[in-house]
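Structure at a glance
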Amino acid sequence: MASNSGSYNFKVVLLGEGCVGKTSLVLRYVEDKFNTNHVSTVQASFLNKKLNIDGKRINLAIWDTAGQEKFHALGPIYYRSSNGAVLVYDITDEDSFQKVKSWVKELRKMLGADICLVIAGNKTDLEKNRHVSLEDAENYASKVGAIHFQTSAKLNKGVEDMFLTLTQKMLETVEEKEAQNAPLSRQNSQRRNVVVVDDDQVPPPPTRQCCGNS
Amino acid sequence: MWGLQYDENVHDNPFFNEIITHHGDLVVKASQEKWVICIPRAGVIEPSEIQVDIILDHILVSTASNVCFTLSKKQVSIQNKEITTADHPSTPIRILFEETCYIEGLKYTIFCLDRPLFISRAICEDNRFRVLETLHDCIDFIWSENLSHVLIKIQKLCSSFVEQNRGLAMENLQNQKDLIGSLFSQCLQIVLKNRTLSDDCENIKIAVETYMQSCLDRTLVKAVNTVTCFGDATLNKTVRNCSDLQLRDLNIPLKFCDIVTSARSELSKINNYVTILDKVNCLKLTFNHLYSTSICLTSDDILQILVFLIVKLNISNWTSNLVYLTHFQFSSLNVSNETNFLITSLEAALEFIKSDEFNKIKSSQQTENPVFQSIITNDLTQLQDLLKYKKSKKSDANLCHPLCDCERCTKSIGSSHNVTMFNEKGQSLLTYATTVDRPEMVEFLISIGAEVNSCDYFGKTSLHYACAKGYQDVLLILMNCKADVNAKDHDGNTPLHVACNNGHENCVKALFYTSKTLDINCINKYGDTPLHLAIKWNYVGIVRSLLENHAVANVPNKKSQQPLHLAQNYYTERLLKQFNAHLDSLDEPEFTHPSASTKSSHCKDHGIRAKGVEQLKKIDLLLKAIENNDFPLTCFYLGFPNGSTTYDFQSKCHPLCNCEKCDDLEGSPDVVVERINVNTCNIDGFTPLHFAAKYGRTELLRILLDSQALPNLKTYKTLQTPLHLACIYRRLLVVKELVKCGNCEVDTQDYKGNTPLYYACVKNDVKIVEVLLSNGASCDVKNYQGTSIIKEVQEKTLFGISSLLKKESEENDFL
């Protein structure tokens, strides 16, 4: 692949109850003021963003997920093999914060420490209706090893900061892992069943003969 | 995007490096002022050209509108990821990618451009960065790479692969993947032999894979269909049973109606394509239709619309499509690309349809009428009260005079509840009670004179609804009350059509058992017979039932499709061929095959069908008794003398003896009113002998054989004889007993082509193997997957058996 060396692919999922503003957050992040004018279609469920952090090139694939309760069971289909998750709650809605807690539990159970978590208390523009105290949220986040952010998609506050921090954390995790299994290539972080054809050699001969043939 | 999207490391780009090293101040300023730095991609600009004024041309000052200025005060407009300059308005410059940089504490945005701004360049398409989206693209690409000669080689390789792997459909998924994977490596090898490798390796892989898939054509699709056949049948059943789902049931706003319609017509084409690339592209275009609205769609909306589309489209192999897309893609390495997102969305929608949550979504049943309400709440006494109450009131009706039609009088007559009333869909009380599965109410309504065959506004009778929803109890009551089994609705569908379409095997079987006048080959408005429908939706069990009941398999529908054309998987195809062959033999001249004998030859394979529900229940009780080892009860059902150990007329002490025991023998036949024939089978084709063999009831088995039970009858689905079952469940004594009886065939093949010996070997039961071999079982029989017993044994390293078999085959060779 062209100049693929030194570049990372990260998958980030957005999880949270319906109406907490997941879609607005991701739209705000990927479409800054300049951008709204050159994207003709508005699609919010899957977005790509290229970052360059001090020479390290990162391709973020941001997956928005369905938030309604009836779709809860589909979670694993979306979050499998992701490197990071943004757990969004609405600061005016205590239930949505409880929902975040249940997501954290599920993610830690299914993906362990491999996944970097960020908890976002969204809608800080509605500060006067706040029902989730900042202190509680931050304490909880540090307890489960996540970073807490206060965001407002409406006022564009904290959004970029949050994604940047998440990306840096994912970078650290991957590099740590690479250092541990130094001999293994980066591609190994992507668990997937593929036929790897070595670019320098002809592919290996077929290993399996057809049984109807024998 | 599937193929390779343009990407380059900007740190290797001379233009970018020039800016960074010599114009650091500009970068700092860009970071502060949120300017955008445009970088022409590597290779399109000569190092000598990189001058200060050119660089200034490439820095955009952002504004709120889509028109903006460069630092050199030139005007450009940005739209649709393209930049148009004033000097060349007709040839916009593509933005290849956008990158946000956080370098040394500064933050700025880069646009990587296809060509430099304000410098005329011939547009040269670089093959390396072409995005392959369809099969057509791939073939174009292979031609442009001067590789056209490999196309024919790949084609040859694929056709010989198809030739060699006729059993591909019967392999499990992993084997299919391995086979196709190795075929892909072979194809790739051909290409790599012909050229040196370069950067565009990824695109070559994609193109070769896609072309290979198109060469395999329907073979691969059908193989995957076969593997996923049962999953698809279950899914189809769910989907068919909620075909009256509306947008509002899924909370999809009506404003999406238009985009849903256009997305639907796009997605309906998915089965026209055979390659993964084209199928994914079809998904992508479908999504693009959804995004074409100015309303922003959330993931919830998209998922719901996708669920709605799947329910509404007439596509019967979604599971298969999904498995194909996720498991047979060998060339692309990138996990987090858009393709993956599209496929995952499809997977999520299918998963949701399969979940319990989806079951909860039903068209809301609402009614104001108290009578219908009482049916919904399943309140029989209330229903009785309402109907009775009005009846009594009617008799002493309080009208002004008998013919009065003043408001008060008409109201008292008009609102009267009686059994003939109907709701806004024209459904009678009986039909309504059927749709919500209330057998007691159906019984009650019929008992007070409800018309069994009344139609609603769609021409559907209660029987249609019972079949559509799979309510067997209601169906049996209706059939008992002489419901018209061949009634047609406005689409020409009979109840059998409906049951076949919605996948209710229980209802199909119930219809066969309860009706003698059932028209099995009836066609609907579209010329489809019930067989067409059952095949289309992959209901293998129903297809078998229909064929066994002599459904004609060569009726073309109005699209001139015969059932065989609709067969999507190997199972239904084989069933059709099997029974077609049987049909052909029926068509032979009568004098060689008198119809009676052909009929009996058909019956010879299977047990005698129970006639009517009563008998069917009885045979089930009998089989249950055998399973529970309740010997006296079994004997009672079969009409054998109660409790005696053997049933033998010669077991009397002497011919004229009338001691107690002998009296019993003589007397019992009078006591038993109706006994079951020993060769009767249940709905799945199991005879008492099958059950006795399965559960190892040796004593009973002996009695059954003595009373003319046929030892070679097969079950319907699995085509297994009692001997098969005895071997599967390792009943040594039963096996001995069966082979001893004389006319038992030891080498019968079941639905997989396996003989009893095969099962005995697999179960590693040396003793049974010995018995079978000594009774002439052959160890050379291959099953339908082409595996012989010896091979299977060797693979499983069952040495004891292996040596036995070898000895046997050596002896045979010697003879």
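Criteria and thresholds
- Residues numbered from 1 in each chain as written.
- Chains lettered and ligands numbered in written order.
- Predicted model: local features only at pLDDT ≥ 70, side-chain atom pairs only at ≥ 80, totals over all residues.
- Heavy atoms only, no water.
- Helix = DSSP H or I, 4+ residues; strand = E, 2+ residues; numbered from the N terminus.
- Buried < 20%, exposed > 50% of the residue type's maximum accessible area, 1.4 Å probe, protein only.
- Contact = heavy atoms within 4.5 Å.
- Areas by Shrake-Rupley, 256 points an atom, 1.4 Å probe, with all protein chains shown as cover.
- Core = buried A, V, L, I, M, F, W, Y, C linked by side-chain atoms within 4.5 Å.
- 1 Å grid on protein atoms, 1.4 Å probe; cavity = no way out; pocket = protein on both sides within 12 Å on 5 of 7 lines; lining within 4 Å.
- Points joined across faces, edges and corners; volume = space filled by probe spheres on them.
- Phe/Tyr/Trp six-rings, centres within 6.5 Å; stacked < 30°, edge-to-face > 60°.
- UniProt positions renumbered as here; feature names shortened; annotations may be inferred.
- Salt bridge = Lys/Arg side-chain N within 4 Å of Asp/Glu carboxyl O.
- Axes fitted to C-alpha atoms, helices over the stretch in contact; angles between N-to-C directions.
- Parallel < 35°, antiparallel > 145°, perpendicular 65-115°, else oblique.
- Left-handed = near helix turned anticlockwise from the far one by under 90°.
- Nonpolar A, V, L, I, M, F, W, Y, C, P; charged D, E, K, R; others polar.
- Pairing = 2+ DSSP bridges.
- Right-handed = clockwise from strand over helix to strand, strands pointing away.
- Patch = residues over 30% accessible without salt bridge, like charges linked within 9 Å, V, L, I, M, F, W, Y side chains within 5 Å.
- Lys, Arg positive; Asp, Glu negative; His and termini not counted.
- Charge placed at Lys NZ, Arg CZ, Asp CG, Glu CD.

1. Considerations on the overall build of chain B
A count of helices and strands for chain B gives 40 helices and nine strands. A burial count over chain B gives 53% of its 815 residues as buried. Within chain B, residue pairs in contact and separated by at least 24 positions form 71% of the contacts whose partners lie at least 6 positions apart. Working note: accessible area of chain B is about 37,700 Å², and carbon and sulfur atoms make up 52% of it.

2. Comments concerning the nonpolar core
In terms of nonpolar packing, the biggest core is built from 112 residues, with Leu-87, Leu-107 and Ile-119 of chain A together with Ile-154, Met-212, Trp-318 and Phe-358 of chain B touching the most fellow members. For Ile-119 of chain A, the residues in contact, after removing those within four places along its chain, are Leu-87, Tyr-89, Val-100, Val-104, Tyr-140, Ala-141, Ala-146, Ile-147, His-148 and Phe-149 of chain A.

3. Points about empty space enclosed by the protein
A water-sized probe, rolled over the atoms, reveals where empty space remains. Residue and element names in this part refer to chain B. Using the criterion set out here, one finds 10 cavities of 30 Å³ or more in the structure. Within this model, the largest cavity holds a volume of roughly 110 Å³. Lining the largest cavity are 14 residues, and of these Lys-509, Ser-545, Glu-548, Ile-683 and Tyr-716 sit closest to its centre. Contributions of two or more residues to the lining of the largest cavity are made by helix 24 (505–514) and helix 26 (540–548).

4. Here we look at the environment of Ser-299 of chain B
Within the secondary structure, Ser-299 of chain B sits in helix 12 (residues 299–312). In the structure, Ser-299 of chain B is positioned 46 residues away from Ser-345 of chain B in sequence and 9.3 Å away in space, judged by C-alpha atoms. For Ser-299 of chain B, the contacting residues outside a window of four places in its chain are Ser-45, Asp-64, Thr-65 and Ala-66 of chain A.

5. A few points about the environment of Lys-50 of chain A
Topologically, Lys-50 of chain A is positioned in strand 2 (residues 46–53). On the basis of relative accessible area, Lys-50 of chain A is assigned to the buried category, the value being 17%. Distance from Lys-50 of chain A to Ala-85 of chain A, taken between C-alpha atoms, is 17 Å for residues 35 residues apart in sequence. Setting aside residues no more than four positions away along its own chain, Lys-50 of chain A makes contact with Arg-57, Ile-58 and Asn-59 of chain A together with Asp-7, Phe-97, Glu-98, Glu-99 and Thr-100 of chain B.

6. Here's the deal with unusual backbone geometry
Residues and elements named next belong to chain B. With phi around 65°, Asn-538 is a residue other than glycine that occupies positive phi space. Looking at where Asn-538 falls in the secondary structure, it is placed in the loop between helix 25 (530–536) and helix 26. You can call Asn-538 buried: its relative accessible area is 2%. You will see that Asn-629, though not glycine, has its phi angle at about 60°, which is positive. Within the element layout of this structure, Asn-629 appears in the loop between helix 30 (612–627) and helix 31 (631–638).

7. Quick look at the packing of aromatic side chains
Residue and element names in this part refer to chain B. Per the counting criterion, the structure on display carries 21 aromatic pairs over all chains. For the pair Tyr-324 and Phe-328, a centre-to-centre distance of 6.0 Å together with 45° between the ring planes defines the contact as tilted. Per residue, the accessibility class of Tyr-324 equals that of Phe-328, and both read buried. Considering the side-chain rings of Phe-372 and Tyr-432, the 5.0 Å spacing of their centres and the 90° angle between planes classify their relative orientation as edge-to-face. On the criterion of sequence distance, the pair formed by Phe-372 in helix 16 (residues 370–376) and Tyr-432 in helix 19 (residues 429–435) is long-range, its members being 60 residues apart. Residue Phe-372 is classed as buried on the basis of its relative accessible area of 2%.

8. Some thoughts on the UniProt feature "repeat: ANK" (unreviewed entry) in chain B
Residue and element names in this part refer to chain B. According to UniProt, the feature "repeat: ANK" (unreviewed entry) maps to residues 425–457, 458–490, 491–512, 526–558, 684–716 and 752–784 in the numbering used here. Spanning residues 526–558, this segment combines 48% helix with 0% strand, and its end C-alpha atoms are found 6 Å apart. Annotated as residues 684–716, this span is 48% helix and 0% strand, and its ends, taken at the C-alpha atoms, are 5 Å apart.

9. Structural notes on the pattern of salt bridges
Residues and elements named next belong to chain B. Throughout the structure, instances matching the rule amount to 25 salt bridges over all chains. Between Glu-548 and Arg-544 there is a salt bridge; the shortest N-O distance is 3.3 Å. Of this pair, Glu-548 and Arg-544 both sit in helix 26, four residues apart, roughly one helical turn. Taking relative accessible area as the criterion, Glu-548 reaches 8% and is therefore assigned buried. Residue class for Arg-544 comes out buried when judged on its relative accessible area of 9%. Two residues, Glu-573 and Lys-577, come together in a salt bridge whose shortest N-O distance is 3.3 Å. Of the two residues, Glu-573 and Lys-577 are both situated in helix 28 (residues 570–587); the distance of four residues between them amounts to about one turn of the helix. Using a relative accessible area of 14% as the deciding quantity, one classes Glu-573 as buried. Each member of the salt-bridge network shares a partner with another, and the members are Arg-41, Arg-94 and Asp-114.

10. So, the packing of helix 12 of chain B against helix 14 (residues 338–354) of chain B
Residue and element names in this part refer to chain B. Interaxial distance between helix 12 and helix 14 falls to 9 Å at its minimum, and their mutual angle equals 70°. Comparing their axes, helix 14 and helix 12 come out roughly perpendicular. Regarding helix 12 and helix 14, the two cross each other, and that crossing is right-handed. Note on element contacts: helix 14 touches helix 12 through Ser-345, Leu-346, Ala-348, Ala-349, Leu-350, Phe-352 and Ile-353, opposite Leu-303, Leu-306, Val-307, Ile-310 and Val-311. Looking at the contact of helix 12 with helix 14 residue by residue, the class counts come to 11 nonpolar, one polar and no charged.

11. A word on the side chain of Ser-345 of chain B
Residues and elements named next belong to chain B. With respect to the helices and strands, Ser-345 occurs in helix 14. When its relative accessible area of 3% is taken as the criterion, Ser-345 is described as buried. Setting aside its immediate chain neighbours within four residues, Ser-345 contacts Phe-287, Leu-303 and Leu-306.

12. A closer look at the pairing of strand 4 (residues 84–90) of chain A
Residue and element names in this part refer to chain A. Among the seven residues that make up strand 4, seven are buried, leaving the element largely enclosed by the rest of the structure. What you see with strand 4 is no split at all: Gly-84, Val-86, Val-88 and Asp-90 on one side and Ala-85, Leu-87 and Tyr-89 on the other are buried throughout. Sheet topology note: the strand 1 (residues 7–15)/strand 4 ladder contains four bridges and is parallel. Bridge pairing links Leu-15 to Leu-87 in strand 4. Direction of pairing for strand 4 relative to strand 5 (residues 116–122): parallel, over a ladder of seven bridges. Note that in strand 5 the partner of Ala-85 across the bridge is Leu-117. In this region the chain leaves strand 4, passes through helix 3 (residues 94–111) and returns to the parallel neighbour strand 5; the handedness of that crossover is right-handed.

13. A few points about a negative patch on the surface
Residue and element names in this part refer to chain A. A grouping of Glu-94, Asp-95, Glu-135, Asp-136 and Glu-138 is seen on the molecular surface, where their side chains present a negatively charged patch. Sorting the residues of the negative patch by element identifies helix 3 and helix 4 (134–143) as the ones contributing at least two each. Element by element, the count of residues in the negative patch is highest for helix 4, at three residues.

14. Details of the pairing of strand 1 of chain A
All names here are of chain A. Buried residues dominate strand 1, accounting for eight of its nine residues. The sheet contact formed by strand 1 and strand 3 (residues 56–64) spans eight bridges and is parallel. Note that in strand 3 the partner of Lys-11 across the bridge is Ala-61.

15. A few points about a nonpolar patch on the surface
Residues and elements named next belong to chain B. Together, Phe-422, Tyr-457 and Phe-458 make up a nonpolar patch on the protein surface, roughly 370 Å² of accessible area in all. Along the polypeptide, Phe-422 turns up in the loop between helix 18 (407–414) and helix 19. Look at Phe-422 and you get exposed, because its relative accessible area is 52%.

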